[in-house]
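Chain by chain, the residues run as shown.
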Amino acid sequence: MQNAVSRNMVESLAIPTFRVGYTITTNALDALYKKIKSKGVTMTALLAKATTLALAKHPVVNSSCRDGKSFTYNSSINIVVALAIDGGLITPVLQDADKVDLYSLSRKWKELVDKARAKQLQPHEYTTGTFTLSNLGMFGVDRFDAILPPGTGAIMAVGASQPALVGTKDGRIGMKNQMQVNVTADHRVIYGADLASFLQTLALIIEDPKDLTL
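These notes cover the structure that comes with them. Keep in mind that what you see is a predicted model, and the values were worked out from it rather than measured. (Residues numbered from 1 in each chain as written. Predicted model: local features only at pLDDT ≥ 70, side-chain atom pairs only at ≥ 80, totals over all residues. Heavy atoms only, no water.)

**Describing the overall build of the chain**
Then comes step 1: Along the backbone of the chain there are five helices and eleven strands.
Then comes step 2: Taken over C-alpha atoms, the radius of gyration comes to 17 Å for the chain, in line with the 17 Å a tight globule of 214 residues would show.
Then comes step 3: Overall size of the chain, expressed as C-alpha extent along the three principal axes, is 50 × 35 × 30 Å.
Then comes step 4: Relative to its full complement of 214 residues, the chain shows a buried share of 43%.
Then comes step 5: The contacts in the chain between residues at least 6 apart in sequence include a share of 65% that link residues at least 24 apart.
Then comes step 6: Surface exposure of the chain reaches about 11100 Å², of which carbon and sulfur atoms provide 53%.
Then comes step 7: Distance between charge centres in the chain, computed from 23 positive and 18 negative side chains, equals 3 Å. (Helix = DSSP H or I, 4+ residues; strand = E, 2+ residues; numbered from the N terminus. Rg over C-alpha atoms; globule rule 2.2 N^0.38 Å. Buried < 20%, exposed > 50% of the residue type's maximum accessible area, 1.4 Å probe, protein only. Contact = heavy atoms within 4.5 Å. Areas by Shrake-Rupley, 256 points an atom, 1.4 Å probe, with all protein chains shown as cover. Lys, Arg positive; Asp, Glu negative; His and termini not counted. Charge placed at Lys NZ, Arg CZ, Asp CG, Glu CD.)

As structure tokens, then:
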């Protein structure tokens, strides 16, 4: 496993990447999570579903450039979620995440985690991703940058949701929960404006998450 990780990291150095960050208010998402957590929904599934809805509106961020010559606009939205396990890192894939509801996505994620920890993942369950999600928020990390996995167009690093003093447009100050997300992307196929638009859409979905449970 470590040899595979090492090869991928070295290969990633040949990719011209850039990074864009965004601050997202999470009060509504936190409230939704608290409400449906008892039904088996994880925050990972919520973030994956929100990401899927945003990618559906910005397909270029779900694209890839595998050899520097051919560009692929993927017809499927397969969300990779980086998962730390004993001895390394594995990348289970939530395939066709745009075609299943949040509750099914949560069950599938639990199944993938169990298989990954038992070292029973099949190749198609960790090699078919089109967009990667890396969440270190559960460790209290507030922000970080992620290295782009070769063969994909973008990876999003998600930090912890934390309370912050926020000024409003009318000059008032209030407390809101906010998280930092940083996206690393392949500049051969994705541009700054593409990521900015994607992150604006993602923020709107997370800040008003009613569509996540549809």
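**A short note on the side chain of Gln-180**
Then comes step 1: Structurally, Gln-180 is set in strand β11 (residues 173–186).
Then comes step 2: Of the polar contacts made by the side chain of Gln-180, one reaches the side chain of Thr-23; its length is 3.0 Å.
Then comes step 3: Among residues more than four places away in sequence, those in contact with Gln-180 are Tyr-22, Thr-23, Asp-142, Arg-143, Ala-157, Val-158 and Gly-159. (Polar contact = N/O pair within 3.5 Å; in protein donor to acceptor, adjacent residues only side chain to side chain.)

**Some thoughts on the packing of aromatic side chains**
Then comes step 1: What the rule picks out here adds up to one aromatic pair.
Then comes step 2: Measuring from ring centre to ring centre gives 5.8 Å for Phe-131 and Phe-198, while their planes differ by 55°; the resulting arrangement is tilted. Within this pair, whereas Phe-131 is found in strand β8 (residues 131–135), its partner Phe-198 is found in helix α5 (residues 192–207), the two being separated by 67 residues in sequence. Note on accessibility: Phe-131 and Phe-198 belong to one class, buried. (Phe/Tyr/Trp six-rings, centres within 6.5 Å; stacked < 30°, edge-to-face > 60°.)

**Concerning a nonpolar patch on the surface**
Then comes step 1: Judged by side-chain polarity, Leu-165, Ile-173 and Met-175 come together as a nonpolar surface patch covering roughly 380 Å² of accessible area.
Then comes step 2: Among the secondary structure elements, Ile-173 is positioned in strand β11.
Then comes step 3: On the accessibility criterion, Ile-173 (67% relative accessible area) is exposed. (Patch = residues over 30% accessible without salt bridge, like charges linked within 9 Å, V, L, I, M, F, W, Y side chains within 5 Å. Salt bridge = Lys/Arg side-chain N within 4 Å of Asp/Glu carboxyl O.)

**Quick notes on the pairing of β11**
Then comes step 1: Two strands pair when backbone bridges link them, and strand β1 (residues 17–25) and β11 are joined in this way by nine bridges, in the antiparallel orientation. Along β11, the bridge assignment pairs Tyr-22 with Val-181.
Then comes step 2: Where strand β10 (residues 162–167) and β11 come together, six bridges link them in antiparallel fashion. For Gly-167, the partnering residue across the bridge sits in β11 and is Ile-173. (Pairing = 2+ DSSP bridges.)

**So, the pattern of salt bridges**
Oppositely charged side chains can pair when the atoms bearing their charge come close.
Then comes step 1: Under the counting rule described, the total for this entry stands at eight salt bridges.
Then comes step 2: Between Lys-99 and Asp-96 there is a salt bridge; the shortest N-O distance is 4.0 Å.
Then comes step 3: The exposed category is assigned to Lys-99, whose relative accessible area is 62%.
Then comes step 4: Lys-210 serves as the salt-bridge partner of Asp-208, at 2.9 Å between the closest nitrogen and oxygen.
Then comes step 5: Given a relative accessible area of 41%, Asp-208 falls into the partly exposed group.

**Section: the pairing of strand β9 (residues 154–158)**
Then comes step 1: Taking burial as the measure, the five residues of β9 include five buried ones, the bulk of the element.
Then comes step 2: Residues Ala-154, Met-156 and Val-158 of β9 are buried on one face, and the alternating residues Ile-155 and Ala-157, pointing to the opposite face, are buried as well.
Then comes step 3: The sheet contact formed by β8 and β9 spans four bridges and is parallel. In the sheet register, Ser-134 faces β9, and the bridge partner there is Ala-157.
Then comes step 4: As defined by bridge partners, β9 adjoins β11 across five bridges and the pair is classed as antiparallel. Across the sheet, residue Ile-155 finds its bridge partner in β11, namely Thr-184.

**A word on helix α4 (residues 102–117)**
Then comes step 1: Between its first and last C-alpha, α4 extends 23 Å over 16 residues, near the 22 Å set by a 1.5 Å rise per residue.
Then comes step 2: For α4, every residue scored as buried is listed here: Leu-102, Leu-105, Ser-106, Trp-109, Leu-112, Val-113, Lys-115 and Ala-116.
Then comes step 3: The backbone nitrogen of Tyr-103 has a side-chain oxygen 2.9 Å away, supplied by the residue at the start of α4, namely Asp-101. (Expected span 1.5 Å × (residues − 1).)

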